[in-house]
Amino acid sequence: MMDKRFDSKSIEIKWYEKWLKSGAFASNSSSPKKPYVIMMPPPNVTGSLHIGHALTFTIQDILIRFHRMQGFDVLWQPGTDHAGIATQMVVERELAKSDITRHHLGREQFIKKVWEWKEQSGDRITNQLRAMGASPDWEKERFTMDEGLSKAVNYVFVKLYKDGLIYRDKRLVNWDPKLLTAISDLEVEQREMNGHFWFFKYPIQNSDEFLTIATTRPETMLGDTAVAVNPNDERYKHLHGKKVLLPIVNRVIPIIFDDYSDPTKGTGAVKITPAHDFNDFEVGKRHKLNIINILNADATINENGTKEFEGLDRFEARKKIINKLKELNLFVKEESIIHTVPHGDRSNVVVEPWLMDQWYVDAKKMAVPAIRAVEEGRTNFIPRNWDKTYFEWMRNIQPWCVSRQLWLGHRIPAWFGPDNK
């Protein structure tokens, strides 16, 4: 007698187990059959599958099953990603329940704890894939931190370095002052917040005039190395070749003329802090300005920010700087605004542009053959109007920062001698 309700779980589990036992998903590299391979984009070991995963894996499973039925030797390579930041945070939270930090344990013991956690919790995603009926070759499952893949990462890093595609550079990164690591653009959330524009006067050297600037981050003025005005702004043409005295720090800095300054925004005069703003960094390179970092890794003010503010949290320093400017009669006004502020998507703290040495992939050079493949018709987008979006992204691609300051992850195979070379 047929049940009134279809019990999908018992039916699906039964047949899935039969498929596994029969080796229906297995590939055979020595087979004479034509191979067909899909590398599963590895989901983070810390999380659960979401609707995007479900869509991706369903499409891949359809392609895999179709080619398997066509007689190909099929490999759908399964695996999970170690998800450095997320995993480190999860394990640190577990340790915190016992009042232990990773610094108490040291790196080696902390990594052992990570592997223990993975053994306990790391199969959630693969179980979800099984529940979906996905048909990868489970015997070949990999984890991005296992020994073989670690060797592969080292091999590729060294090869790309020798090929001139990986290089070390001092540039601004998205720095997370809570997690104490650089993070990628994809890990930064632009959040709309209530904020302020603060207007200050910078005295023009050897003059009774002042140049008024507006900023949302007064604390960064400690690292200012110029003030920029637009070359077409008639209000400031008489200031060509002039300099201003940076308040509080009492550093003389130039007035520069650059199209970056928008005459319609604020006062049309922009403070330039190359070490703490991505746009200012580019302006600084064009004008060969000094680059002065005024922040420690935890976003407190360092020794370059004057003794008065050294050691203060950035937001505490902001308040004191505003009060100091008021005392000096250089404060003009404060305006309430709504603006977007970058936050780390995991730490939920405000991210700082921070100048430091990192390892980069020359994404622009690597993009060239990919662009040509579409231009020459060897690769096609359907519908074709996506060509425009592709070219816009690929032709404006930026260097890719591949290093992180984490305990969990692949260690870069690079050493420096006594002369730092």
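A separate point is the pattern of salt bridges. Counted by the stated rule, this structure contains 28 salt bridges. In this structure, Asp258 engages Arg286 in a salt bridge whose closest nitrogen and oxygen atoms are separated by 2.9 Å. Taken together, the positions of Asp258 in the loop between strand S11 (251-257) and strand S12 (269-272) and Arg286 in helix H8 (residues 278-287) put the pair 28 residues apart, joining distant regions of the chain. Close ionic contact of Glu310 with Lys307 constitutes a salt bridge, the shortest N to O distance being 3.6 Å. By relative accessible area, which is 74% here, Lys307 ends up exposed. Salt bridges linked by common partners bring Glu187, Asp345, Arg346 and Arg404 together as one network.

Before going further, it helps to examine the sheet that holds strand S5 (residues 166-176). Taken in spatial order, the four strands line up as S6-S5-S14-S15 in an open sheet, and their pairing is antiparallel. On the outer flanks of this sheet lie strand S6 (181-183) and strand S15 (400-401), each paired with one strand and no other. In this sheet, S15 lies alongside strand S14 (residues 352-361) in antiparallel orientation, the contact comprising two bridges. Across the sheet, residue Tyr360 finds its bridge partner in S15, namely Cys401.

Once that is clear, we can look at the environment of Pro263. Here Pro263 lies in the loop between S11 and S12. Separated by 28 residues in sequence, Pro263 and Arg235 have C-alpha atoms that sit 9.3 Å apart. Residues in contact with Pro263, not counting those within four places in the same chain, are Asn230, Asp233, Arg235 and Gly268.

Once that is clear, we can look at the layout of surface pockets. Computed from the structure, the second largest pocket encloses a volume of approximately 1300 Å³. Counting only elements with at least two residues in the lining of the second largest pocket, the list comes to strand S7 (188-203), strand S8 (210-215), S12, H8, helix H9 (314-327), strand S13 (331-344) and S14. Broken down by element, the residue count for the lining of the second largest pocket peaks at seven residues, all from S7. Partitioned by chemical class, the residues of the lining of the second largest pocket number 15 nonpolar, 17 polar and nine charged.

Here we have three strands laid out as an open sheet, ordered S8-S7-S13, and antiparallel in their pairing. Unpaired on one side and paired on the other, S8 and S13 mark the two borders of the sheet. Neighbour-to-neighbour, the strand axes of this sheet turn through a mean angle of 20 degrees, independent of strand direction. Helix-sheet contacts for H9 involve S7 and S13, and the interaxial angle to S7 is about 20 degrees.

Thresholds, definitions, all that
Here the residue index of a chain counts from 1 through its sequence in written order. Where local features are concerned, this predicted model is filtered to residues with pLDDT of at least 70; where side-chain atom pairs are given and counted, the filter is 80 or more; whole-chain, interface and lining totals use all residues. With hydrogens and water stripped out, all remaining heavy atoms of the structure feed into the side-chain values. Salt bridges are defined by distance alone: a side-chain nitrogen of Lys or Arg within 4 Å of a carboxyl oxygen of Asp or Glu. Numbering of helices and strands runs from the N terminus; a helix is a DSSP stretch of H or I covering at least four residues, while a strand is a stretch of E covering at least two. Residue exposure (1.4 Å probe, protein chains only): buried if accessible area is under 20% of the type maximum, exposed if over 50%, otherwise partly exposed. Strands pair, by our definition, only if DSSP identifies at least two bridges between them. In what follows, a contact means two residues having at least one pair of non-hydrogen atoms within 4.5 Å. A cavity, in this analysis, means grid points on a 1 Å lattice covering only the protein atoms where a 1.4 Å probe fits yet has no way out; a pocket is instead an open set bounded by protein on both sides within 12 Å along at least five of seven lines, and a residue lines either one if it has an atom within 4 Å of a point. Grid points are joined across faces, edges and corners, and a volume is the space filled by probe spheres set on the points. Think of it as three bins: nonpolar holds Ala, Val, Leu, Ile, Met, Phe, Trp, Tyr, Cys and Pro, charged holds Asp, Glu, Lys and Arg, and polar takes everything else, Gly as well. Axes, fitted as lines to C-alpha atoms, cover a helix only where it is in contact. Angles between the N-to-C directions of the axes lie from 0 to 180 degrees.

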